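For reference, the chains in residue letters:
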Amino acid sequence: MNDRQFRLPRKDSKPETNDAVTGALSRADLKRLKANTQDSSVQQTDAISADELDELRRHGQREQVGRLPRPQDPDVSATESISREQLAELTKRGEPNQVGRLPGPAAPRKSRFGREKKSSRPRSLLRELGIVVAIALVLSVLVKTFLVQPFWIPSGSMENTLVRGDRVVVSKLTPGPFDLKRGDVVVFSDDENWLESPNVERSAIANAIVKPLQFVGLYPEGDDHLIKRLIGLPGDSVSCVPGERMKINGQPVSEPYLYSGDEACDEPFDIVVPQGRAWVMGDHRSGSSDSRAHDEESGGLEGSIPIDSITGRAVAIVWPLDRMGGLSNFSSTFDKVPNS
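Quantities reported herein were computed from a predicted structural model and do not represent experimental measurements.

(A) The nonpolar core, seen in detail. Core analysis: the largest hydrophobic core is formed by 17 residues, its most contacted members being Ile231, Val238, Met246, Phe269, Trp279 and Phe334. Not counting residues up to four positions away in its chain, the partners in contact with phenylalanine 334 are Arg182, Gly183, Ile231, Ile248, Val253, Tyr257 and Asn329. Counting 12 residues, the second-largest nonpolar core is a separate cluster that includes Phe151, Val168, Val187 and Ala314.

(B) Examining the state of the cysteines more closely. Per the counting criterion, the structure on display carries one disulfide. Here cysteine 240 connects covalently by a disulfide to cysteine 265, the sulfurs 2.2 Å from one another. An S-S torsion of about -90° defines the bridge between cysteine 240 and cysteine 265 as left-handed. Here cysteine 240, found in strand E7 (residues 237-240), pairs with cysteine 265, found in the loop between strand E9 (251-252) and strand E10 (269-272); they are 25 residues apart in sequence, far enough to count as distant. Here cysteine 240 and cysteine 265 have matching classes, each one buried.

(C) Main features of the sheet that holds E9. Read from one edge to the other, the open sheet built from four strands follows the order E9-E8-E7-E10, with strand pairing classed as antiparallel. Two strands close off the open sheet at either side, each with one partner strand: E9 and E10. In terms of strand pairing, E7 meets strand E8 (residues 247-248) through two bridges, oriented antiparallel. By the bridge assignment for E8, valine 238 is matched with isoleucine 248.

(D) Focus on helix H5 (residues 204-216). Between its terminal C-alpha atoms H5 stretches 19 Å, which fits the 18 Å expected from 13 residues at 1.5 Å a residue. Taken residue by residue, H5 has Val210, Gln214 and Val216 as its buried positions. Of the surrounding secondary structure, the elements contacted by the buried residues of H5 are helix H4 (121-146). Following H5 by one or two positions, glycine 217 has its phi on the positive side, about 85°.

(E) Examining the pairing of strand E5 (residues 185-189) more closely. Where burial is concerned, most of E5 is hidden: four out of the five residues are buried. Two elements, E5 and strand E6 (residues 225-232), share five bridges in a ladder whose sense is antiparallel. Within E6, the position partnered with phenylalanine 188 by the bridge is leucine 226.

(F) Here's a closer look at the pattern of salt bridges. Evaluated as defined, the whole model comprises seven salt bridges. The residue arginine 323 makes a salt bridge to aspartate 166 at a minimum N-O spacing of 2.9 Å. Linking arginine 323 in the loop between strand E13 (310-319) and strand E14 (325-326) with aspartate 166 in the loop between strand E3 (148-152) and strand E4 (167-171), this pair joins segments that are 157 residues apart in sequence. Where glutamate 192 meets arginine 277, a salt bridge forms, and the shortest distance between an N and an O atom there is 3.4 Å. A residue pair is termed long-range when its members are at least 10 positions apart, and glutamate 192 in the loop between E5 and H5 and arginine 277 in strand E11 (residues 277-281) qualify at 85 residues. With a relative accessible area of 16%, arginine 277 lands in the buried category. In this structure, a network of salt bridges that share partners links the residues Asp266, Asp290 and Arg292.

(G) Focus on the packing of aromatic side chains. Throughout the structure, instances matching the rule amount to three aromatic pairs. Ring centres of phenylalanine 188 and tryptophan 194 lie 5.8 Å apart, and the angle between their planes is 85°; this geometry places the pair in the edge-to-face category. Comparing phenylalanine 188 with tryptophan 194, the two get one shared label, buried. Positioned above the aromatic ring of tyrosine 257 is the side chain of arginine 229, whose terminal nitrogen or guanidinium carbon lies 4.1 Å from the ring centre.

(H) Region of the structure containing the side chain of histidine 284. With respect to the helices, strands and loops of the structure, histidine 284 is situated in the loop between E11 and helix H6 (291-295). With a relative accessible area of 13%, histidine 284 lands in the buried category. The residues touching histidine 284, leaving out its near neighbours within four places in the chain, are Gly156, Ser157, Met158, Glu159, Tyr259 and Asp262.

(I) Representation of the environment of aspartate 166 in the model. The exposure class of aspartate 166 is buried, given its relative accessible area of 1%. With 14 residues separating them along the chain, aspartate 166 and tryptophan 152 place their C-alpha atoms 5.6 Å apart. Excluding residues within four positions of it along the chain, aspartate 166 makes contact with Phe151, Trp152, Ile153, Ile317, Trp319, Pro320 and Arg323. Among the polar contacts listed, one links the side chain of aspartate 166 to the backbone nitrogen of valine 163, at a separation of 3.0 Å. A polar contact of 2.9 Å, which involves the side chain of aspartate 166, links it to the side chain of arginine 323.

So, how was this worked out
Residues numbered from 1 in each chain as written. Predicted model: local features only at pLDDT ≥ 70, side-chain atom pairs only at ≥ 80, totals over all residues. Heavy atoms only, no water. Core = buried A, V, L, I, M, F, W, Y, C linked by side-chain atoms within 4.5 Å. Buried < 20%, exposed > 50% of the residue type's maximum accessible area, 1.4 Å probe, protein only. Contact = heavy atoms within 4.5 Å. Disulfide = S-S within 2.5 Å. Helix = DSSP H or I, 4+ residues; strand = E, 2+ residues; numbered from the N terminus. Pairing = 2+ DSSP bridges. Expected span 1.5 Å × (residues − 1). Salt bridge = Lys/Arg side-chain N within 4 Å of Asp/Glu carboxyl O. Phe/Tyr/Trp six-rings, centres within 6.5 Å; stacked < 30°, edge-to-face > 60°. Lys NZ or Arg CZ within 6 Å of the ring centre and 35° of its normal. Polar contact = N/O pair within 3.5 Å; in protein donor to acceptor, adjacent residues only side chain to side chain.

Structure representation (structure tokens):
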């Protein structure tokens, strides 16, 4: 036996008990076997040709070539096989990834009871959206009830201070933390039945949409409300003669807010405002059905409105944009009026 190969024992010879049967191997094959058997961690591999092995060496690849751990291994995730063409393409690119079987899609997560878990992201988004909407509605109701409320102007009785269709913001803090003052523009409910019919009539379908929005403060009210300027407080004496200035507690007042061309009154009146009530008049005196028109010579008892009916003080116009601005109570007009 020379140094180039090993020979198998003859058939008639009895091999030693501890010797494995061997075949003829070249020295190069022997070295490759030794290299493969020295590393116990190397997994079983598929045979590749010498040309393929040389090609990998020329590209400096260090990947484990052949077969990756078998799928039955519980610690190994599912894999997909790749062809020799894909292997050659990866080799050309010099990819540092492991060559062989590529990882497959991750197994679906399972719950503790063995059922697959479904993504809860859409449900979570819907829940969060519902919470946000609920909070917004609650806040809107609170703001509308205690702070401010939008109203629309149904008539021209307050021209040119307010015109039909204006949207105003009404402060609910007056009356309340802040006292009513002469000159305030006030919104009040029609508890005295001044309106023969609602300012606007809607279909049942429209009311089903508008009423809930009005309740939460997202749509301006005004269907059964009126808006006028407060002229007399409880106990005030208010009188007027056509062609002259109106007098409050004997003090003549100059009214710069009157509609152009209008006088303070077109018919004479002299009343005393009852306790708990207020005397209101429109700025467009010739086109306003206010306390004067409903008093019927009762001396102020029937023409005045209950202070409890006053919803609040209009503080600003918010729509349309070209009319946006604050509303004045013209305090200088009434600052010389003595208290009753």
